[in-house]
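Reading the structure
What follows is each chain in one-letter form.
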Amino acid sequence: MDSAEFARMVVASMPFATALQIEVTELTPQQVSAIMAWAQERCTTAGILHGGALMAFADTVGAVCAVANLPEGAGTSTIESKTNFFRAVREGTVTATSTPLHVGRTTIVVQTDLTDDRGKRVARVTQTQAVLTRTA
């Protein structure tokens, strides 16, 4: 399976990510990039993209990055997330770029930068993903 097919499969397994119309554009164990377009139904007042939509976007892309680094047969779940917001998004497309900071036996820590169409940082999210393995 190629990386594009793998990315579609991972995002398709998360109905909320599908509803946000997240499109993964790059997927390697070292970096995952994706885009999400501004949409009125994802906004708060004054046409500003809702912080929760941005957090969900970053969480999804971070999870895909974690999945790309999991041992065979393992799963993952977010156990901690911290977001710093820097600027509002009122139009266009947001790009998320996730990189692993730590890939361990029980946790994977990823950092996701969100940027607007001008390349300006919108937010930075650091999250910890649990590595979930099956026990006999």
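Residues numbered from 1 in each chain as written. Predicted model: local features only at pLDDT ≥ 70, side-chain atom pairs only at ≥ 80, totals over all residues. Heavy atoms only, no water.

Overall, the coordinates contain three salt bridges when judged by the stated rule. We note a salt bridge from Arg 121 to Asp 113, for which the minimum N-O separation is 3.4 Å. Judged by its relative accessible area of 18%, Asp 113 is buried. Salt-bridge contacts for Arg 118 lead to Asp 116; the nearest nitrogen and oxygen are separated by 3.1 Å. On the basis of relative accessible area, Arg 118 is assigned to the exposed category, the value being 63%. (Salt bridge = Lys/Arg side-chain N within 4 Å of Asp/Glu carboxyl O. Buried < 20%, exposed > 50% of the residue type's maximum accessible area, 1.4 Å probe, protein only.)

Moving on: the UniProt feature "domain: Thioesterase" (unreviewed entry) in the protein. Per the UniProt record, "domain: Thioesterase" (unreviewed entry) is annotated on residues 47-122. With 22% helix and 43% strand, residues 47-122 has its two end C-alpha atoms placed 15 Å apart. (UniProt positions renumbered as here; feature names shortened; annotations may be inferred. Helix = DSSP H or I, 4+ residues; strand = E, 2+ residues; numbered from the N terminus.)

For Gln 21, which is not glycine, the phi torsion reads 55 degrees and is therefore positive. On the secondary structure map, Gln 21 appears in the loop between α2 (15-19) and β1 (23-28). For Gln 21, a relative accessible area of 58% translates into the label exposed. The backbone phi angle of Ala 46 is positive, close to 60 degrees, even though this residue is not glycine.

In this section: helix α3 (residues 51-67). Count 3.6 residues to each turn of an α-helix, and residues three or four apart come out pointing the same way. Here α3 is 17 residues long and its end C-alpha atoms lie 24 Å apart, about the 24 Å a rise of 1.5 Å per residue gives. Along α3, twelve of the 17 residues are buried, which leaves the element largely enclosed by surrounding structure. (Expected span 1.5 Å × (residues − 1).)

Another aspect to go through is the side chain of Thr 60. Examined against the element boundaries, Thr 60 turns out to sit in helix α3. A distance of 2.8 Å separates a polar side-chain atom of Thr 60 from the backbone oxygen of Ala 56. Once you skip the residues sitting within four places of it in the chain, Thr 60 turns out to touch Met 14, Ala 17 and Ile 22. (Polar contact = N/O pair within 3.5 Å; in protein donor to acceptor, adjacent residues only side chain to side chain. Contact = heavy atoms within 4.5 Å.)

Spatially, β1-β2-β4-β5-β6-β3 is the arrangement adopted by the six strands of the open sheet, whose pairing is antiparallel. Taken across any chain shown, the strands that pair with only one partner, and hence form the sheet edges, are β1 and β3 (75-85). With direction set aside, neighbouring strand axes in the sheet form an average angle of 20 degrees. With eight bridges connecting them, strand β4 (residues 93-103) and strand β5 (residues 107-115) associate as antiparallel partners. Bridge assignment links Thr 99 to a residue of β5, and that residue is Gln 111. Running at roughly 45 degrees to β4, α3 makes contact with β1, β2 (31-37), β3, β4, β5 and β6 (121-132) of the sheet. (Pairing = 2+ DSSP bridges. Axes fitted to C-alpha atoms, helices over the stretch in contact; angles between N-to-C directions.)

Turning next to helix α1 (residues 3-12). Those residues of α1 not exposed but buried are Ala 7, Val 10 and Val 11. What you see down the axis of α1 is that its buried residues fit within an arc of 95 degrees, all on one side. Seen from the buried face of α1, the exposed residues on the opposite side, beyond 90 degrees, are Arg 8 and Ala 12. At its buried positions, α1 is contacted by α2, β1 and α3. (Arc of directions from axis to C-beta.)

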